Structures are given as C-alpha cells and as structure tokens.
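# Coordinate inspection notes
Each chain is listed here by its residues.
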Amino acid sequence: MDSSIISEESHEHTHDEEGSKMFGFIVFLLSETFIFLGFFTAYIVYKTANPDWLPAGVSGLEVRDPAINTVILVSSSFVIYLAERALARHDLLKFRQFLMLSIAMGSYFLVGQAIEWSHLSFGFTTGVFGGMFYLLTGFHGLHVLTGILLQILVFGRSFIPDNYDTGHFGVNATSIFWHFVDVIWIVLFVLIYIWQ
C-alpha cells in the first residue's frame, strides 16, 4: 500500500479522534453549565423571595477586593489565549511564559478568595445566604483550581519533545475550560457582589 495513502488515513483518523474528544468535552462543559444555571436560579429565587436575607449584623459584602480579583481572573483569559497563539506558532518559550502568567493570575484569585472567606462574619450554616454564598463561590473556586491544575499539566507536557507537534487538543480544551470559568465568575460576581 502506498505510504502517502497510509499517512492520509492516519491524519484523518487523528482529526476524527480530536473532533470526538472536543465534542465530548463540549458536552461536559454543557453539563457544568446546567449545574451552575441551577445554582444561579436558586440564588435568584431565594433572594427575590427574601429581600432581607442577609445574616444578622451583615449589611452587605465588600466589593473592592473581589472586583480586583475579578479583573485579574478575567484578564487571565486573554493571557491563556496568547499562550494558545504562541503554541500555534511553535514558540514554546512564549507559550510557557504566558501559561505561567495565567497560572499565577488564577492562583492570585484563589488566594484572594481564601483571604475574603477568612474575614467574613458569617459561615456556611449562617442562613440561606451563607449557604448559597459559600456553595456558589466554593464550587466556582473548585473549578478555578481544576483549571490551574490543567494548565500545570499542559505546561509540563510542553517539555516532552515533539509532544505538541501532532495536535493541541489538551491545550485547546484547557483554554476553553478557563474561559468558561471566567464567564461563570462574571455572572457570579454580578449576582453576589453587585446585586446586593
């Protein structure tokens, strides 16, 4: 059999496999979206049904530091996009630099969230608001942590010789997941911090 035919069939198989993986990944993200939508709906219903639902002694949440964390997290979407573009140009050095910056920005966000939690005057069991606040921000924080770990994984794989010569599915999926995490946070920030 002609080697060019074998090579073409191999390329088509790889393309089909990456397409299937991406389809499965998009289905996974859709399922995560529905979970968050359920949480958002519950939050909106509880808040509109109970206008004075903040815990006793709590007049509202501090917005300045979470807003700074929001800007940093959302900006990291642009940084991971730059990492993707660098990899597409086979510039591994720039890819690693942008990826490390994105990891640092996500880590800054998580540390900022932990600091915020440590200074709050209410807990998870402090009424419906306390439960909803920690559930929403904690579940999102778990997704941020997952995104950081995925970025560390694709960063480490960049040191395997020729690893990204045949495809970038892992990097593309990680980037899409990171954009998803950022969009979810924008909605959460508006619901929890802006709409008080």
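Keep in mind that this is a model prediction, so the values were computed, not measured.

### Points about empty space enclosed by the protein
Tallying each qualifying case throughout the model produces two cavities of 30 Å³ or more. Estimates place the volume of the largest cavity at around 40 Å³. In this structure, the largest cavity is lined by Pro66, Asn69, Phe109, Gln113, Glu116, Trp185 and Tyr193. Broken down by secondary-structure element, the contributors of at least two residues to the lining of the largest cavity are helix 2 (64-88), helix 3 (92-119) and helix 5 (169-194). It is helix 3 that provides the largest number of residues to the lining of the largest cavity, a total of three residues. A class-by-class count of the residues in the lining of the largest cavity yields four nonpolar, two polar and one charged. Taken as a whole, the second largest cavity encloses approximately 30 Å³ of empty space. In terms of lining residues, the second largest cavity is bounded by Ile80, Ala83, Glu84, Phe95, Leu99, Val154, Val171, Thr174 and Ser175. Taken together, the elements giving at least two residues each to the lining of the second largest cavity come down to helix 2, helix 3 and helix 5. Taken together, the residues of the lining of the second largest cavity sort by class into six nonpolar, two polar and one charged.

### Details of the packing of helix 3 against helix 5
Packing of helix 3 against helix 5 brings their axes to within 13 Å, and their N-to-C directions diverge by 30°. What the angle tells us is that helix 3 and helix 5 run roughly parallel. Read as a crossing pair, helix 3 and helix 5 show a hand that is left-handed. Taken together, the residues of helix 5 that come into contact with helix 3 (itself represented by Phe95, Ser102, Gly106, Phe109, Gln113 and Glu116) are Val171, Trp178, Trp185 and Tyr193. Looking at the contact of helix 3 with helix 5 residue by residue, the classes come out as six nonpolar, three polar and one charged.

### Let's talk about the packing of aromatic side chains
Enumeration over the complete set of coordinates arrives at 20 aromatic pairs. On the basis of an interplanar angle of 75° and a centroid distance of 5.5 Å, the ring pair of Phe122 and Phe133 is categorised as edge-to-face. Here Phe122 is found in the loop between helix 3 and helix 4 (127-157), whereas its partner Phe133 is found in helix 4, with eleven residues between them in sequence. Of the two residues, Phe122 and Phe133, neither departs from the other in class, the shared state being buried. With centroids separated by 5.2 Å and ring planes inclined at 90°, the aromatic side chains of Phe133 and Tyr134 adopt a geometry described as edge-to-face. Overall, the relative accessible area of 12% leaves Tyr134 in the buried class.

What counts and how
- Residues numbered from 1 in each chain as written.
- Predicted model: local features only at pLDDT ≥ 70, side-chain atom pairs only at ≥ 80, totals over all residues.
- Heavy atoms only, no water.
- 1 Å grid on protein atoms, 1.4 Å probe; cavity = no way out; pocket = protein on both sides within 12 Å on 5 of 7 lines; lining within 4 Å.
- Points joined across faces, edges and corners; volume = space filled by probe spheres on them.
- Helix = DSSP H or I, 4+ residues; strand = E, 2+ residues; numbered from the N terminus.
- Nonpolar A, V, L, I, M, F, W, Y, C, P; charged D, E, K, R; others polar.
- Axes fitted to C-alpha atoms, helices over the stretch in contact; angles between N-to-C directions.
- Parallel < 35°, antiparallel > 145°, perpendicular 65-115°, else oblique.
- Left-handed = near helix turned anticlockwise from the far one by under 90°.
- Contact = heavy atoms within 4.5 Å.
- Phe/Tyr/Trp six-rings, centres within 6.5 Å; stacked < 30°, edge-to-face > 60°.
- Buried < 20%, exposed > 50% of the residue type's maximum accessible area, 1.4 Å probe, protein only.

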